[in-house]
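Tertiary structure, described
Each chain, written out:
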Protein chains: 2
Amino acid sequence: MADRRSATIKDVAAAAGVGIATVSRVFSGTGAVADATRERVLAAARELDYRPSALGRGLKLRRSGGIGLIVPDVTDPFCAELVAGVLACARTLGGHVIVDAAHGDPEREAEIVDRFVEQRVDGIIARPAGETADWRAAARVCSSVVFADRILPGLAEIPTVLADDAGGVRSLAEYLVGLGHRRIAFLGAAAPGGEPGVRERAFRDTLERLGVPAEDDLVVAARPARDAAYAAAAGLLQRRADVTAVVAAEHLLGEAAVLVARELDLRVPADVSIAMVDDVPWAELCDPPLTAVARPGRDIGYRACELLLREPARRGRGGPVRLPTELVVRGSCGALRAGRR
Amino acid sequence: MADRRSATIKDVAAAAGVGIATVSRVFSGTGAVADATRERVLAAARELDYRPSALGRGLKLRRSGGIGLIVPDVTDPFCAELVAGVLACARTLGGHVIVDAAHGDPEREAEIVDRFVEQRVDGIIARPAGETADWRAAARVCSSVVFADRILPGLAEIPTVLADDAGGVRSLAEYLVGLGHRRIAFLGAAAPGGEPGVRERAFRDTLERLGVPAEDDLVVAARPARDAAYAAAAGLLQRRADVTAVVAAEHLLGEAAVLVARELDLRVPADVSIAMVDDVPWAELCDPPLTAVARPGRDIGYRACELLLREPARRGRGGPVRLPTELVVRGSCGALRAGRR
DNA sequence: GTGAAAGCGCTAACAG
DNA sequence: CTGTTAGCGCTTTCAC
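Cut-offs used in this document
Residues numbered from 1 in each chain as written. Chains lettered and ligands numbered in written order. Predicted model: local features only at pLDDT ≥ 70, side-chain atom pairs only at ≥ 80, totals over all residues. Heavy atoms only, no water. Salt bridge = Lys/Arg side-chain N within 4 Å of Asp/Glu carboxyl O. Helix = DSSP H or I, 4+ residues; strand = E, 2+ residues; numbered from the N terminus. Buried < 20%, exposed > 50% of the residue type's maximum accessible area, 1.4 Å probe, protein only. Near = heavy atom within 4 Å. Polar contact = N/O pair within 3.5 Å; in protein donor to acceptor, adjacent residues only side chain to side chain. Nonpolar A, V, L, I, M, F, W, Y, C, P; charged D, E, K, R; others polar. UniProt positions renumbered as here; feature names shortened; annotations may be inferred. Contact = heavy atoms within 4.5 Å. Buried area = accessible area lost by both parts, 1.4 Å probe. Least-squares fit on C-alpha atoms with pLDDT ≥ 70 in both. Phe/Tyr/Trp six-rings, centres within 6.5 Å; stacked < 30°, edge-to-face > 60°. Lys NZ or Arg CZ within 6 Å of the ring centre and 35° of its normal. Core = buried A, V, L, I, M, F, W, Y, C linked by side-chain atoms within 4.5 Å. Arc of directions from axis to C-beta.

As annotated in an unreviewed UniProt entry, chain A is LacI family DNA-binding transcriptional regulator from Actinomadura sediminis.

Within this structure, the stated rule accounts for 53 salt bridges over all chains. A salt bridge links Arg262 of chain B to Asp287 of chain A; its shortest N-O distance comes to 4.0 Å. Linking Arg262 of chain B in helix α11 (residues 251-263) with Asp287 of chain A in the loop between β9 (273-277) and β10 (291-294), this pair reaches from one chain into another. Here Asp287 of chain A falls in the partly exposed class, since its relative accessible area comes to 41%. When the shortest N-O distance is used, the salt bridge between Arg204 of chain B and Glu200 of chain B registers 3.2 Å. Taken as a pair, Arg204 of chain B and Glu200 of chain B lie in helix α9 (residues 198-209) at a separation of four residues, close to a single helical turn. Judged by relative accessible area, Arg204 of chain B falls into the partly exposed class, the value being 23%. The class of Glu200 of chain B is partly exposed, set by a relative accessible area of 30%. Linked through salt bridges whose partners overlap, the residues forming this network are Arg127, Asp149, Asp165, Arg199, Asp278 and Arg295 of chain A.

This part covers the protein's contact with DNA strand D. Around DNA strand D, a shell composed of 30 residues is seen, among which Thr22, Arg25 and Thr37 of chain A together with Ile9 and Tyr50 of chain B lie nearest. The contact atoms of DNA strand D, taken as those within 4 Å of the protein, divide so that sugar and phosphate hold 59%. Thr22 of chain A is positioned with one of its side-chain polar atoms (N or O) 2.5 Å from a phosphate oxygen of DNA strand D. Contact distances for DNA strand D include 2.4 Å between a base oxygen and a side-chain N or O atom of Arg25 of chain A. Elements with a minimum of two residues in the surface near DNA strand D: α2 (20-28) and α4 (54-61) of chain A together with α1 (9-16), α2 (20-28) and α4 (54-61) of chain B. Here the surface near DNA strand D gets five residues from one element, more than from any other, and that element is α2 of chain B. Residues belonging to the surface near DNA strand D are distributed by class as follows: 13 nonpolar, nine polar and eight charged.

Here we come to the UniProt feature "domain: HTH lacI-type" (unreviewed entry) in chain A. When the UniProt feature table is mapped to this numbering, "domain: HTH lacI-type" (unreviewed entry) covers residues 7-61 of chain A. Span residues 7-61 of chain A is 71% helix and 0% strand, its end C-alpha atoms 21 Å apart.

Residue-level contacts link 54 residues of chain B with 54 residues of chain A. When the two sides are added together, the surface that chain B and chain A hide from each other amounts to roughly 5,200 Å², 54% of it contributed by carbon and sulfur. On the chain B side of the contact with chain A, Arg51, Leu55 and Leu285 of chain B bury the most area, a combined 15% of that side's loss. Along the contact surface separating chain B from chain A lie five salt bridges. A salt bridge links Asp114 of chain B to Arg51 of chain A; the shortest N-O distance between them is 3.0 Å. In this assembly, chain B and chain A are joined by 22 residue pairs in polar contact (both at pLDDT 80 or more). Looking at the side of chain B that touches chain A, the elements with two or more residues in it are α4, α5 (77-93), β2 (96-101), α6 (106-119), α7 (135-141) and α11 of chain B. Top element by residues in the side of chain B that touches chain A is α6 of chain B. It accounts for seven residues. In terms of residue class, the side of chain B that touches chain A is made up of 22 nonpolar, eleven polar and 21 charged.

Lining the immediate environment of DNA strand C, one finds 29 residues, of which Ile9 and Tyr50 of chain A together with Thr22, Arg25 and Thr37 of chain B sit closest. Within 4 Å of the protein, the contacting atoms of DNA strand C are 61% sugar and phosphate, with bases supplying the remainder. Here a base oxygen of DNA strand C and a side-chain polar atom of Lys60 of chain A are 3.4 Å apart. At the level of elements, α1 (9-16), α2 and α4 of chain A together with α2 and α4 of chain B are the ones that each hand at least two residues to the surface near DNA strand C. In terms of residue count, the dominant contributor to the surface near DNA strand C is α2 of chain A (five residues). When its residues are assigned to classes, the surface near DNA strand C shows twelve nonpolar, nine polar and eight charged.

It is worth spelling out the relation of the copies chain B and chain A at this point. It takes a turn of 180° to lay chain B on chain A, together with a shift of 0.0 Å along the axis; the resulting RMSD is 0.1 Å. Taken together, the turn and the small shift mark the pair as related by a two-fold rotation axis. Every residue of chain B has its C-alpha some distance from the rotation axis, and the shortest such distance is that of Ile98 of chain B, at 2.2 Å. Most of the interface of chain B is mirrored in chain A: 100% of its interface residues are interface residues there too.

This part covers the packing of aromatic side chains. Residue and element names in this part refer to chain A. A full pass over the atoms with the stated rule returns six aromatic pairs over all chains. Both rings, one in Phe27 and one in Tyr50, keep their centres 5.1 Å apart while their planes meet at 75°; by these two values the pair is edge-to-face. With a gap of 23 residues between them, Phe27 in helix α2 and Tyr50 in the loop between α3 (35-48) and α4 connect regions that are remote in the sequence. Over the face of the ring belonging to Phe78 we find Arg295, whose NZ or CZ atom lies 4.1 Å from the ring centre.

The subject of this paragraph is the nonpolar core. Formed by 105 residues in total, the largest nonpolar core has its most connected members in Leu187, Phe203 and Trp282 of chain A together with Leu187 and Phe203 of chain B. At seven residues, the largest contribution of residues to this core is made by helix α8 (residues 165-178) of chain B. Not counting residues up to four positions away in its chain, the partners in contact with Phe203 of chain B are Val169, Ala173, Ile184, Ala185, Phe186, Val219 and Val247 of chain B. Ranked by size, the runner-up nonpolar core spans 54 residues in total, among them Val74, Ala101 and Ala163 of chain A together with Ala163 of chain B.

The next thing to look at is α1 of chain B. All names here are of chain B. Along α1, the residues that are buried comprise Val12, Ala13 and Ala16. The arc that holds the buried residues of α1, viewed along the axis, is 100°, so those residues lie on one side. Away from its buried face by more than 90 degrees, α1 exposes Lys10, Ala14 and Ala15. Buried positions along α1 lie against α2 and α3 (35-48).

Structure representation (structure tokens):
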């Protein structure tokens, strides 16, 4: 009880009067051990407060049993869901998760990957910031890699789990057009958030398909930061007072739109309809509650982890896994009536 | 390049024509190595794509260089901030962070602690769910423990970093009384969120000090879940139509209050003022924007990590570290006018 | 400065 | 069924 350092397998073996291999068998669940012996070992272990060392085991097995997870920012609601999904899956599969945030910086991301490799993680899940990190080497040397929520152009061979962002934006656009809107603006992310350009392309394609002009002037891109988002939204709404609806490609942009509309004394949805991608928890707290496309962050994380740990075979076959989104209609979009604004 | 298994220190030593000890010295920064030799080693390592194994090093050093972090739920905004703070600090100190969520379940928490001990983490930071886990053993056997945002009655000797919740609630109460409110309700958490009862006590004390009656009937407790929070808020506001202000002890309760007020067609703040603890990102998106007490989640995490890794000496001395909160006044509280409601 | 050797705690043959 | 043995990759005396 007052041992300076914790008991080892050797101590337990001695105390139980067995060989260390037997103790190992008891704790690793490998091989067969007589019930009586097992009891004796367990008793000795309990007595000594023995904890098998994952370090020793890991060294022998040359894997740590952990997985590395890289997200841009753990405080982003979507990322947090992603993390939660990975944790949930890892738990059922008996692995632990090392988490780190790259904050969109490819250099930093590369460092994190390096560190994960040193830790000999069993695999890495990342919402990648860029191609600086040596993903291929990471996947090859000691672990496999799965991307989540973002596909990297040059690394198509890395298995990936995505939300069907295109489908989400499409349903948003169809919904607004269905309400009668014709001058619909799109607030997109400049540095890609999701497959680069996918959302914007889906927006344009859908409008075109429905015979609504997608004016270039109504499609703006902002850096994914609070101030930039606000600036973009304000610029748009002031420049084009005739827009009747805006689609925001991510929650920061949606928030900016709400704030700007309030600032400009535009009523939502009477003066302008607002809808966005990402059904953050506060969407229903807004007044009016915000119509949004829910992306399954948790499922993406869970699935990515499953892919990594459980289905190494199926990885990457047939392109990225794409999970469905869901349009959640609330009160922030209204039917267009003639003569508005 | 096509090695089946990654290069070891031995491979590098051979390739560089030196002993493994020298390679070790180069990579661990220990001891002195001639510049020429170092270059040779580095070159060989680069050639072989060598990554020192944290497993081997950890085994030798009997510590993994990582820390374990336990929160109730990574998707909770406050917890997410806490995690971000720990990550930030760990990064500067060169450690990695294993994260897991206990979801308020002491059993699960105990399992996580066990697992962390097996991993031989250098320390554990927890927003503890309960006393089931053997915190003392964890602190003794192989790592130290620091609590964050919650103090455990029976474990006062564990160093702890807290927000000044009492101060936060006090400022909220003072603010509302200052606006003229006299019938102020308190929505508290039944299962403790923060030091048990601290917020409620601060609320009652403050009112009393200011000569305002704190009616028991106006102080209600809800389980920290969405539905329970809503039920509690609805019950309160319907039962006592005469309350003019409500203080919510955490963001779930504040949100519930907002929703219920809207449901009941109460205008905020004209009919009822609402303020809450926890300045979540969407507080300013509400209409009207919510007055709230900001708790420094990130700082708490950072400080806890610092305490764990950098200042083992100062730990626990002089009671818990208590970080200040800040009252953020927005538009959800108004001055009481005679004859309201 | 540098190398040889002895483990750190554990698992996996291989004998018995 | 169980014990013995040989490492897994690294750090660290201790000589040279």
